[in-house]
Amino acid sequence: MTATMIMGASYGSLLAIKLLLAGHDAKLVCLPDEAALINDEGQLVRMPAKGRDGLVEVHSSRLPGTLSAATPADVDPADYDLIVLAMQEPQYRAPGVRELLDRVAASRKPVMSIMNMPPLAYVRRIPGIDTGALEGCYTDASVWDGFEPPHITLCSPDPQAFRPPDEKTNVLQVSLPTNFKAARFDSEESTDLLRGLQADIEAATFDDGKGEIALPVKLKVHDSIFVPLAKWAMLLTGNYRCVGKDGMRPIREAVHSDLALSESVYDWVCEVCEALGAAEDDLVPFEKYAAAADGLIRPSSAARALDAGAVNIERADRLVQALAAQKGMRNDTVDETVARVDAWLEGNRRKA
């Protein structure tokens with residue numbers, strides 16, 4: 001049995017439920033009210049499943065693994081086999097969270113990030129990159145100073161999920177049940193731990209009252225460190241292009257209102273990834289992404305955050321732009337997208 005500490009109880013609860021279903025334990029690190037609610041009532045995740053109409057409800061209390069929650073001050077990373085980073089990048093500089101992140105780095109435990117924004121320590125695993133020139137893309141790049149590349153890996157947060165606005169914070173609903181795609185660690189021992197979790201999650205089934213079924217959203221471990229970067233093309237084609245000059249639009253509209261332009265942006269980001277060292281097989285074809293985006297009827301979380309007045313969001317758009325510049329590459333549409341996000345943030349900061 002593996003014990004995993006997950007920083008972030010929203011998106012992180014999806015991975016937690018998959019671990020519990022496979023017989024492993026998970027600790028969610030979150031705000032005091034969230035921790036109290038999870039410890040009192042558990043966690044509920046709704047997801048579509050093959051062979052079932054509607055959504056299947058998976059409650060943590062019905063699973064073989066044990067789920068608990070705590071605040072950042074009340075956990076010791078040394079007690080866990082694996083640490084998962086499931087908060088958005090700006091949150092790691094918050095008081096309490098920053099100190100816990102420092103303890104995670106000092107523990108030298110294997111760390112798997114499922115952020116859209118890869119930790120700088122992971123970017124250092126990519127050969128030939130000047131990471132110093134990328135620090136401005138992060139809200140506070142110094143939070144990653146204590147991490148060493150061999151102890152950290154990246155997992156692409158491809159599954160789409162959200163907290164229904166009219167329900168308690170211990171409820172999560174999956175809107176796109178794709179897989180988590182993780183790169184191997186430099187360490188064989190840490191990679192073997194991930195592969196063990198992959199096998200256990202793959203083998204687990206769930207009895208929804210109508211019989212045993214296999215639930216979607218698996219963990220897939222890849223040898224290439226570039227596989228998780230496949231999400232970048234999706235983010236810059238859909239998520240950040242939800243951000244308009246005067247308002248936000250759904251991901252589906254951002255992608256499908258001008259499919260040719262979307263494909264050109266997507267292909268360009270894939271070319272950036274290949275210039276960094278990715279193979280074509282590490283990436284996802286545009287047609288597959290466009291089909292998935294057709295079902296994404298809400299603006300991205302980044303767009304919703306900006307619309308709500310956020311003064312910091314994850315800037316994977318700026319990161320890709322900066323990495324491309326190191327390879328002598330640029331794209332007009334990406335530059336326009338970055339400028340729009342910059343303008344929203346500047347406006348929100350003035351209001352704040």
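This text goes with the structure placed above it.
Rules of the game
Residues numbered from 1 in each chain as written. Predicted model: local features only at pLDDT ≥ 70, side-chain atom pairs only at ≥ 80, totals over all residues. Heavy atoms only, no water. Buried < 20%, exposed > 50% of the residue type's maximum accessible area, 1.4 Å probe, protein only. Helix = DSSP H or I, 4+ residues; strand = E, 2+ residues; numbered from the N terminus. Arc of directions from axis to C-beta. Contact = heavy atoms within 4.5 Å. Pairing = 2+ DSSP bridges. Axes fitted to C-alpha atoms, helices over the stretch in contact; angles between N-to-C directions. 1 Å grid on protein atoms, 1.4 Å probe; cavity = no way out; pocket = protein on both sides within 12 Å on 5 of 7 lines; lining within 4 Å. Points joined across faces, edges and corners; volume = space filled by probe spheres on them. Nonpolar A, V, L, I, M, F, W, Y, C, P; charged D, E, K, R; others polar. Disulfide = S-S within 2.5 Å.

Colleague: It is not clear to me how helix H2 (residues 32-41) should be interpreted in this structure. Could you clarify?
Modeller: Note that an α-helix has 3.6 residues per turn; residues three or four places apart therefore point the same way. Residues of H2 that are buried: Glu34, Ala35, Leu37 and Ile38. Buried residues in H2, looked at end-on, bunch into an arc of 165°, giving them a common side. Projecting away from the buried face of H2 at angles above 90 degrees are the exposed residues Pro32, Asp33 and Asp40. Elements that come into contact with the buried residues of H2 comprise strand E2 (25-29) and strand E5 (67-70). Just beyond H2, the residue with positive phi is glycine 42, at close to 80°.

Colleague: Any chance you could explain the sheet that holds strand E14 (residues 219-222) here in plain terms?
Modeller: Sheets are built from strands that pair by backbone hydrogen bonding, the pairs being arranged parallel or antiparallel. Pairing is mixed in the open sheet, where eight strands are placed in the order E5-E2-E1-E6-E7-E8-E11-E14. Of all the strands in the sheet, the pair left with one neighbour each is E5 and E14. Geometrically, the sheet is characterised by an average inter-axis angle of 25° between neighbouring strands, direction not taken into account. Pairing analysis gives three bridges linking strand E6 (residues 82-85) to strand E7 (residues 111-113), with the strands arranged parallel.

Colleague: Would you mind going over the layout of surface pockets with me for this structure?
Modeller: One water molecule sets the probe size; rolling that probe over the atoms shows where empty space is left. Its boundaries defined by the atoms lining it, the largest pocket holds a volume of some 1200 Å³. Within the residue set of the lining of the largest pocket, elements represented by two or more residues are H2, strand E9 (160-162), helix H6 (230-239) and helix H10 (301-307). Its residues placed into classes, the lining of the largest pocket shows 26 nonpolar, twelve polar and six charged. As for the second largest pocket, its lining consists of 21 residues, of which Asp158, Lys181, Met234, Val284 and Lys288 are closest to the centre. Within the residue set of the lining of the second largest pocket, elements represented by two or more residues are H6 and helix H9 (286-293). When its residues are assigned to classes, the lining of the second largest pocket shows nine nonpolar, six polar and six charged.

Colleague: Sorry if this is basic, but what is going on with the sheet that holds strand E4 (residues 55-59) here?
Modeller: Spatial ordering of the open sheet is given by E4-E3-E10-E9, a layout of four strands whose pairing is mixed. Only two strands of the sheet have a single partner each, and these edge strands are E4 and E9. Strand after strand, the sheet turns through a mean of 25° between neighbouring axes, direction not considered. Here three bridges tie strand E3 (residues 44-48) to strand E10 (residues 171-176), and the two strands are oriented parallel to one another. Residue valine 45 lies in a different strand from E10, and its bridge partner there is leucine 172. Packing against the sheet, helix H1 (residues 12-21) makes contact with E3, E4 and E10, and its axis sits at approximately 85° to E3.

Colleague: What's the story with the state of the cysteines in this structure? I'm lost.
Modeller: Working definition: the covalent bond between the sulfur atoms of two cysteines is a disulfide. Taken as a whole and assessed by the stated rule, the structure comprises zero disulfides. Of all cysteine sulfurs, the one in cysteine 273 lies closest to cysteine 137, which takes part in no disulfide; the gap is 14 Å.

Colleague: Looking at this structure, I do not really get the pairing of E2. What am I missing?
Modeller: Burial runs high along E2: five of the five residues are buried. Burial along E2 is two-sided: the residues Asp25, Lys27 and Val29 and Ala26 and Leu28 are all buried. Relative to E2, strand E1 (residues 3-7) runs parallel, the two being bridged by five bridges. Along E2, the bridge assignment pairs alanine 3 with aspartate 25.

Colleague: Which parts of the structure should I look at to understand empty space enclosed by the protein?
Modeller: Enumeration over the complete set of coordinates arrives at three cavities of 30 Å³ or more. Each pocket or cavity is described by its volume, and for the largest cavity that value is around 70 Å³. In terms of lining, the largest cavity is formed by Gln88, Asn116, Leu235, Asn239, Tyr240, Ser300, Ser301, Ala302 and Glu314. Going through the elements one at a time, H6 and H10 are the ones with two or more residues in the lining of the largest cavity. Partitioned by chemical class, the residues of the lining of the largest cavity number three nonpolar, five polar and one charged. Of the volumes computed, that of the second largest cavity is approximately 40 Å³. Residue lining of the second largest cavity: Met115, Asn116, Pro118, Leu154, Ser156, Pro157, Pro228, Lys231 and Trp232, and that is the complete set. At the level of secondary structure, the elements contributing two or more residues to the lining of the second largest cavity comprise strand E8 (152-156) and H6. Counted by class, the lining of the second largest cavity contains six nonpolar, two polar and one charged residues.

Read these as spatial facts, not as claims about activity.
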